[in-house]
Amino acid sequence: MSVLVHACCGPCLGGAAPELRRQHESLLLFWENPNIHPYLEYRARLESFHAMAEKLQLPVMHGTVDYGLGLFLRALNSEFGPARCAICYRIRLERTARRAHELGCEGFTTTLTISPYQNHEVICRVGAEVAAECSVPFVYHDLRPFFRGTHQAARENNLYKQKYCGCLFSEYDRYQHDPKFALPECLDDPHES
């Protein structure tokens, strides 16, 4: 039996694959990431995922391949603060769990757990919830010790390496306090009139 692996991008897949292969007899890859924005970011990550999957010679399954801005924003229901991450994890892990159940997989997991920037506690909680709902085990792996492998995988395979988690809000969080990306000061203050 196999484990269905939700993959967020090519570099994370490349860093996680050696450990996941060591732990599981058979892996199937699953792309379901309607959270990634804007469109060109989504396309770059999808392409890097496919390139890494081909390099690893692992079978690929797709959930929603279309750019998912509407789906993601509807799911958030105006929750744009930190709680949005749990909603984001739920979208992706629930769809992964449903597909794993349909395929008769022994479980499902995610490459999200390779990142030290992701909230592992919330990933585990959401993974357990959707596992119970879908009757298929969530297999948690703390892949953070292999995070450096994501950079190596990107370099060795000429993969696109993202600069932020994926959603528009995480892009803003990433750059808002960086002086290089500060908005120019306006000479005219529209509030002074």
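Only a predicted model underlies this, so the values are computations on that prediction, with no experimental measurement involved.

Criteria and thresholds
Residues numbered from 1 in each chain as written. Predicted model: local features only at pLDDT ≥ 70, side-chain atom pairs only at ≥ 80, totals over all residues. Heavy atoms only, no water. Pairing = 2+ DSSP bridges. Helix = DSSP H or I, 4+ residues; strand = E, 2+ residues; numbered from the N terminus. Axes fitted to C-alpha atoms, helices over the stretch in contact; angles between N-to-C directions. 1 Å grid on protein atoms, 1.4 Å probe; cavity = no way out; pocket = protein on both sides within 12 Å on 5 of 7 lines; lining within 4 Å. Points joined across faces, edges and corners; volume = space filled by probe spheres on them. Buried < 20%, exposed > 50% of the residue type's maximum accessible area, 1.4 Å probe, protein only. Right-handed = clockwise from strand over helix to strand, strands pointing away. Core = buried A, V, L, I, M, F, W, Y, C linked by side-chain atoms within 4.5 Å. Contact = heavy atoms within 4.5 Å.

## Thoughts on the sheet that holds strand β1 (residues 3–6)
Okay, so step 1: Pairing within the open sheet is parallel, and its four strands lie in the order β3-β2-β1-β4. Whereas interior strands pair on both sides, the edge strands pair on one side only; in this sheet they are β3 (60–62) and β4 (107–110). Adjacent strand axes in the sheet meet at a mean angle of 30° when their direction is disregarded.
Okay, so step 2: Examined bridge by bridge, β1 and β4 share four bridges and lie parallel to one another.

## Some thoughts on the layout of surface pockets
Okay, so step 1: Computed from the structure, the largest pocket encloses a volume of approximately 730 Å³.
Okay, so step 2: Lining the largest pocket are 31 residues, with Ser115, Tyr117, Gln118, Tyr164 and Cys165 positioned closest to its centre.
Okay, so step 3: Where the lining of the largest pocket is concerned, the elements lending two or more residues are α4 (84–103) and α7 (168–175).
Okay, so step 4: Broken down by element, the lining of the largest pocket gets its largest block of residues, six residues, from α4.

## Regarding the pairing of strand β2 (residues 27–31)
Okay, so step 1: Among the five residues of β2, five are classified as buried, and the element is accordingly described as predominantly covered.
Okay, so step 2: Side-chain alternation along β2 places Leu27, Leu29 and Trp31 on one buried face and Leu28 and Phe30 on a second face that is also buried.
Okay, so step 3: Following the chain from β1 across helix α1 (residues 10–23) to the adjacent parallel β2, one finds a crossover that is right-handed.
Okay, so step 4: Inspection of the sheet shows β2 paired to β3 by three bridges, in the parallel sense. Across the sheet, the residue bridging to tryptophan 31 is histidine 62, located in β3.

## Observations concerning the nonpolar core
Generally speaking, a soluble globular protein has its nonpolar side chains buried in company with each other.
Okay, so step 1: Residues Leu4, Leu13, Leu29, Phe49, Tyr89, Leu93 and Phe108 are the most contacted members of the largest nonpolar core, which totals 44 residues.
Okay, so step 2: Taken together, the elements giving at least two residues each to this core come down to β1, α1, β2, α2 (39–56), α4, α5 (120–134) and α6 (148–156).
Okay, so step 3: The residues contacting phenylalanine 49, other than those within four sequence positions of it, are Ala7, Cys9, Gly10, Leu13, Leu29, Phe30, Trp31 and Val60.
Okay, so step 4: By size, the runner-up hydrophobic cluster in this structure holds six residues, among which are Phe72, Leu76, Ile91 and Cys167.

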